[in-house]
Amino acid sequence: MKKFLYFILFINIVFPQVRIGEFQSIPSFVNIQDIALSKDAILYVSNSGFIEYKNKEQSFNIISIDQGLAFNELNKIYADFNGNYWIGSNKGIQVWSANEKKLKEKFDLDIEQVSGFIDYNNLIYASAKLNGEWGLIEFKYIDDKIYYRDFYSRSDISNISNITVFNDDIYILSSKRILSGNPFNEHISYWENPMPDLSDDIIDFSSDENNLFVLTNSAIHQLFRDKSIEVFINNNSNLGSIKRISILDNNLYAISDSSIFRISKNQLTTLYQDSSLNFADIESDKDNLWLATDYGLGQFRDGAYENLLFNQPFISSPDIVEISDRSQLILANSKGVSLSAWVNYSTQTLPKDISIDFNLSNLELDFGEKISKSIFHNNTLFVSLINSQSAGIFSFEISNNRLNLIKRYFSHDNQNSILSQYVINDMAIDNQDNLWATSSGKQDYPLSVFNDIQSRHFAFDSPQNSIITGGGSIAIDNYNRVWITSLNEMFMYHYSGNVMDPQNENWISQSIVPGLNRPPVTIGVSKNNILWILTEYGLIYKELRASNSEPVARTGPITTNGNITPYFSNIPFDENSIIRFDPQGNIWVTSKSNGIFVLDINREYWPNIDGINSSNSKLLSNEVKDIKFNANKGLAYISTNLGVSKFKIPFASEIKKTNQIDFFPSPYRIPSQYPLTIDGVPEKSSIQIMTLNGTIVATIDANQINGYQAFWDGLDDNGKFVGSGVYLILIISQKHKTSIIKKLAVIRS
């Protein structure tokens, strides 16, 4: 039952009904950054958001952008004296109300980094970096509202790594030394080191009412309220590996990268050790030690360690995102693969203890440094790899929600050397199901092609009078011709017969922009057989034709004066940028740090010239790694360095029947902040809302429908709210000669 409840919780978060234009995130709380204890919960943060875990109920409450946070990339959390949660990140500080379950305040303040929070004399202090300087930000409660008061900086410190309160003073750990003082009595610039005789670099400290314990590489020192100092423990080889300490009832607990220790006077005991875990933080209460790890939240109690991962994706920042033929979401990077919902595979050695609620298995393959691309074709997942010792490409079958290896593909013939590293930069599948790949790992053979039983590797001098440089982009046009990029030019390769032993083959060299040096970043061919080329200077195209000797009919876009002026010419693109085509053929391109830009099939900017980014939408990050589309549901899955965003778009496969109609919310309560959404509407439909006796109260024309969704605000055609009751919704598709009537309950308050 416990596992089932976690599963339902996560599915409800990831896959509720959404309106066109709305974003949702797919959070992962595997890699934990920080832990804090509140009165009745354990709080822990990842890049995706934070978790409020209540140990007695064993319940997890997820708070992310979807629940109301203003931004993510979180790294610190703290519960204050009013029960509010302070969350720090490089983007600012947020305060979450635990009682009201909503964002209480947010403070940008040009914050660059936050390293901790404390309560002090009914004020909140945050150690932070603002405008290049470290110091303390002071906040004050007035009538339950939080106000920023001041920032006290100190120019001679390069960082603050920890902050605590001891003996009526604030203590900060800066540049491996301690400074302390009372902000009511003196500015932070005048604070001094309370332990001037301690010459060793200080790693961490922890305090309670009577003691401050200070960790160095060779010892732990104990500072008392009377300012006397004793050596608590030294001459122990494990001290050099400890990075965090936590005090509880005169017992000191500590962590290294992979071990948990209990430390008493002159004695250190190893409580737990696992070389496959990485501990990031430790907090202690009367009954438990709580651990932040790269495998979620850990609990140590009564001599036993327990992993508390719930069902969620193991892969939090995927290199690729893929959609299977059955609409299953696939996330993958060098660490492994996650299949919704959620079966996980890790290429790393697994920890000794993993929660049964977290479905994780070992995948004994080397995925290298990163996955460069994925393709899902004929119920087979292909992934290409950078610097893998196992293969250049893997193909997998997904059956019964399990991942099964089918085949390995190698970018050169030397497949047995343990020193070999395979590099596949791009791949594509032609209309004869041949798999093509470009490689920068074997310079002599930058292009390869594979079928079920054979492979062929093309030499760098295969084109006549020219050379293919490795690592280029590759695409297949509608005439089954192969296009690959190389430095400042590109090549078209055409063959007839079997590509492994072709009857005829020829190479054609093409400049990117005639007369100009425009190195290509990536390429793609749209359904209407236009070759799109992304360069550092923007997006251009080549209209293709059937002629193999002159395959390019036209290069554009061309201005009235005859010059080629790329789309998105003021946006920085680099080797990580990609081109994707949505179900209706619109072109999506990613930038280095500015998000996503879309050019529709009419070559107009969508939704506008600014594109889609984290400033104008709930996109998790502007650093986009991959985009894939669920054509049936009108969804774009966008992988970023901070996780995956799910974006409802008005571009989907054409709906020809009315049996997919759904509307939400149901019943519809008016007045409402949000309109009623009628989803799954066929193209060129009209909608009528009627009473049960057939009286039409509202009409929605075809030109008012956004893609496949229509919206109704509860008003009749005279602009007045309809009354409570049951209404009929009639959807008529003129194009597909079909219609349907559905009932809707309306409740007017």
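Placed above this text is the structure.
As the structure is a prediction and not an experimental result, all values here were calculated from the model.

Definitions and limits used
- Residues numbered from 1 in each chain as written.
- Predicted model: local features only at pLDDT ≥ 70, side-chain atom pairs only at ≥ 80, totals over all residues.
- Heavy atoms only, no water.
- Helix = DSSP H or I, 4+ residues; strand = E, 2+ residues; numbered from the N terminus.
- Rg over C-alpha atoms; globule rule 2.2 N^0.38 Å.
- Buried < 20%, exposed > 50% of the residue type's maximum accessible area, 1.4 Å probe, protein only.
- Contact = heavy atoms within 4.5 Å.
- Areas by Shrake-Rupley, 256 points an atom, 1.4 Å probe, with all protein chains shown as cover.
- Lys, Arg positive; Asp, Glu negative; His and termini not counted.
- Charge placed at Lys NZ, Arg CZ, Asp CG, Glu CD.
- Salt bridge = Lys/Arg side-chain N within 4 Å of Asp/Glu carboxyl O.
- Pairing = 2+ DSSP bridges.
- Axes fitted to C-alpha atoms, helices over the stretch in contact; angles between N-to-C directions.
- Polar contact = N/O pair within 3.5 Å; in protein donor to acceptor, adjacent residues only side chain to side chain.
- Core = buried A, V, L, I, M, F, W, Y, C linked by side-chain atoms within 4.5 Å.
- Phe/Tyr/Trp six-rings, centres within 6.5 Å; stacked < 30°, edge-to-face > 60°.
- Lys NZ or Arg CZ within 6 Å of the ring centre and 35° of its normal.

With respect to the overall build of the protein chain
Here is step 1 of the chain: Helix and strand counts for the protein chain stand at one helix and 65 strands.
Here is step 2 of the chain: The C-alpha radius of gyration computed for the protein chain amounts to 30 Å, which stays within 12% of the reference 27 Å derived for 749 residues, consistent with globular compactness.
Here is step 3 of the chain: Taken over the C-alpha atoms alone, the protein chain extends approximately 90 × 80 × 55 Å along its principal axes.
Here is step 4 of the chain: Out of the 749 residues in the protein chain, the part that is buried amounts to 54%.
Here is step 5 of the chain: In the protein chain, the share of contacts with a sequence separation of at least 24, taken over all contacts with a separation of at least 6, comes to 48%.
Here is step 6 of the chain: Split by element, the accessible area of the protein chain, about 32400 Å² in all, is 42% carbon and sulfur.
Here is step 7 of the chain: Computed over 62 positive and 81 negative side-chain charges, the separation of the two mean positions in the protein chain equals 7 Å.

A word on the pattern of salt bridges
Here is step 1 of the chain: Across all of its chains, the model carries 26 salt bridges by this definition.
Here is step 2 of the chain: Between Arg301 and Asp302 there is a salt bridge, with its nearest N and O atoms 3.7 Å apart.
Here is step 3 of the chain: Between Glu322 and Lys628 there is a salt bridge, with the nearest N and O atoms lying 2.8 Å from each other. Of this pair, Glu322 sits in strand 29 (residues 320–323) while Lys628 sits in strand 55 (residues 624–630), and the two are 306 residues apart along the sequence.
Here is step 4 of the chain: Taking relative accessible area as the criterion, Glu322 reaches 6% and is therefore assigned buried.
Here is step 5 of the chain: The class for Lys628 is buried, based on a relative accessible area of 11%.
Here is step 6 of the chain: When salt bridges with common partners are traced through the structure, they connect Glu322, Arg580, Asp626 and Lys628 into a single cluster.

Observations concerning the sheet that holds strand 48 (residues 530–535)
Here is step 1 of the chain: Read from one edge of the open sheet, four strands run 47-48-49-50, paired in antiparallel fashion. Looking along the sheet, the strands with just one partner apiece sit at the ends: strand 47 (520–525) and strand 50 (552–556). Sheet twist, expressed as the mean angle between neighbouring strand axes with direction ignored, is 20°.
Here is step 2 of the chain: When strand 48 meets strand 49 (residues 538–544), the two strands line up antiparallel, connected through six bridges. Within strand 49, the position partnered with Ile530 by the bridge is Glu543.

As for the environment of Gln432
Here is step 1 of the chain: Tracing the sequence through the fold places Gln432 in the loop between strand 39 (426–429) and strand 40 (435–438).
Here is step 2 of the chain: For Gln432, a relative accessible area of 44% gives the class partly exposed.
Here is step 3 of the chain: Those residues in contact with Gln432 that lie beyond four places of it in its chain are Asn480, Tyr495 and Gly497.

Considering the pairing of strand 56 (residues 635–640)
Here is step 1 of the chain: Among the six residues that make up strand 56, six are buried, leaving the element largely enclosed by the rest of the structure.
Here is step 2 of the chain: Where burial is concerned, the two faces of strand 56 agree: the one with Leu635, Tyr637 and Ser639 and the one with Ala636, Ile638 and Thr640 are both buried.
Here is step 3 of the chain: Bridging between strand 55 and strand 56 involves six bridges; their strand directions are antiparallel. Pairing of Ile627 across the sheet is with Ile638, part of strand 56.
Here is step 4 of the chain: Adjacent in sequence and paired antiparallel, strand 55 and strand 56 are bridged by four residues, among which Gly634 carries a positive phi angle near 65°.
Here is step 5 of the chain: Judged from the six bridges that link them, strand 56 and strand 57 (residues 643–648) form a sheet pairing that is antiparallel. Pairing of Tyr637 across the sheet is with Lys646, part of strand 57.
Here is step 6 of the chain: The antiparallel pairing of strand 56 with strand 57 creates a hairpin that spans two residues between the two strands.

Things to note about the sheet that holds strand 8 (residues 92–97)
The strands that make up a sheet pair up through hydrogen bonds in the backbone, lying either parallel or antiparallel.
Here is step 1 of the chain: The strand order across the open sheet built from four strands is 6-7-8-9, with neighbouring strands paired in antiparallel fashion. A single partner strand is all that each edge strand has here, and the edge strands are strand 6 (74–79) and strand 9 (102–107). The sheet shows a mean angle of 20° between the axes of neighbouring strands, taken without regard to direction.
Here is step 2 of the chain: Two elements, strand 6 and strand 7 (residues 84–89), share five bridges in a ladder whose sense is antiparallel.

A closer look at the side chain of Lys373
Here is step 1 of the chain: Locating Lys373 in the fold gives a position in strand 34 (residues 370–377).
Here is step 2 of the chain: Polar side-chain contacts of Lys373 include one of 3.0 Å to the backbone oxygen of Met427.
Here is step 3 of the chain: Non-local contacts of Lys373, meaning those with residues more than four positions away in its chain, are made with Ile320, Phe382, Val383, Ser384, Asp426 and Met427.

Thoughts on the environment of Gly21
Here is step 1 of the chain: Among the structural elements, Gly21 can be located in the loop between helix 1 (2–14) and strand 1 (23–26).
Here is step 2 of the chain: Along the chain, Gly21 and Pro650 lie 629 residues apart, while their C-alpha atoms are 7.9 Å from each other.
Here is step 3 of the chain: Among all residues touching Gly21, those that are not within four sequence positions of it are Phe647 and Lys648.

A closer look at the nonpolar core
Here is step 1 of the chain: With 30 residues, the main nonpolar core has Ile260 and Leu291 as its most contacted residues.
Here is step 2 of the chain: At the level of elements, strand 22 (251–255), strand 24 (267–273), strand 25 (279–284), strand 26 (289–293), strand 29, strand 30 (329–333) and strand 56 are the ones that each hand at least two residues to this core.
Here is step 3 of the chain: Sequence-distant contacts of Leu291, defined by excluding residues within four places in its chain, comprise Ile35, Ile255, Ile260, Phe279, Asp281, Ile282, Gly296, Leu297, Gly298, Phe300 and Tyr305.
Here is step 4 of the chain: With 22 residues, the next largest nonpolar core counts Ile330, Leu339, Leu365 and Phe410 among its residues.

As for the packing of aromatic side chains
In this description, a pair of aromatic rings is defined by centroid distance and the angle of the planes.
Here is step 1 of the chain: The final tally for this structure, using the stated rule, is 45 aromatic pairs.
Here is step 2 of the chain: Centroid distance Trp588 to Trp606: 6.0 Å. Interplanar angle 50°. Geometry classified as tilted. With Trp588 in strand 52 (residues 587–590) and Trp606 in strand 54 (residues 605–606), this pair connects stretches of sequence that are 18 residues apart.
Here is step 3 of the chain: Assessed through its relative accessible area of 0%, Trp588 is described here as buried.
Here is step 4 of the chain: Pairing Trp588 with Phe629 gives two aromatic rings, centres 5.2 Å apart and planes at 65°, and the pair type is edge-to-face. Remark: Phe629 occurs in strand 55 and Trp588 occurs in strand 52; sequence separation between them is 41 residues.
Here is step 5 of the chain: One aromatic cluster is present, built from ring pairs that chain together Phe23, Trp588, Trp606, Phe629, Phe647 and Phe651.
Here is step 6 of the chain: Above the face of the Tyr272 ring, Lys352 is positioned so that its terminal group lies 4.9 Å from the ring centre.

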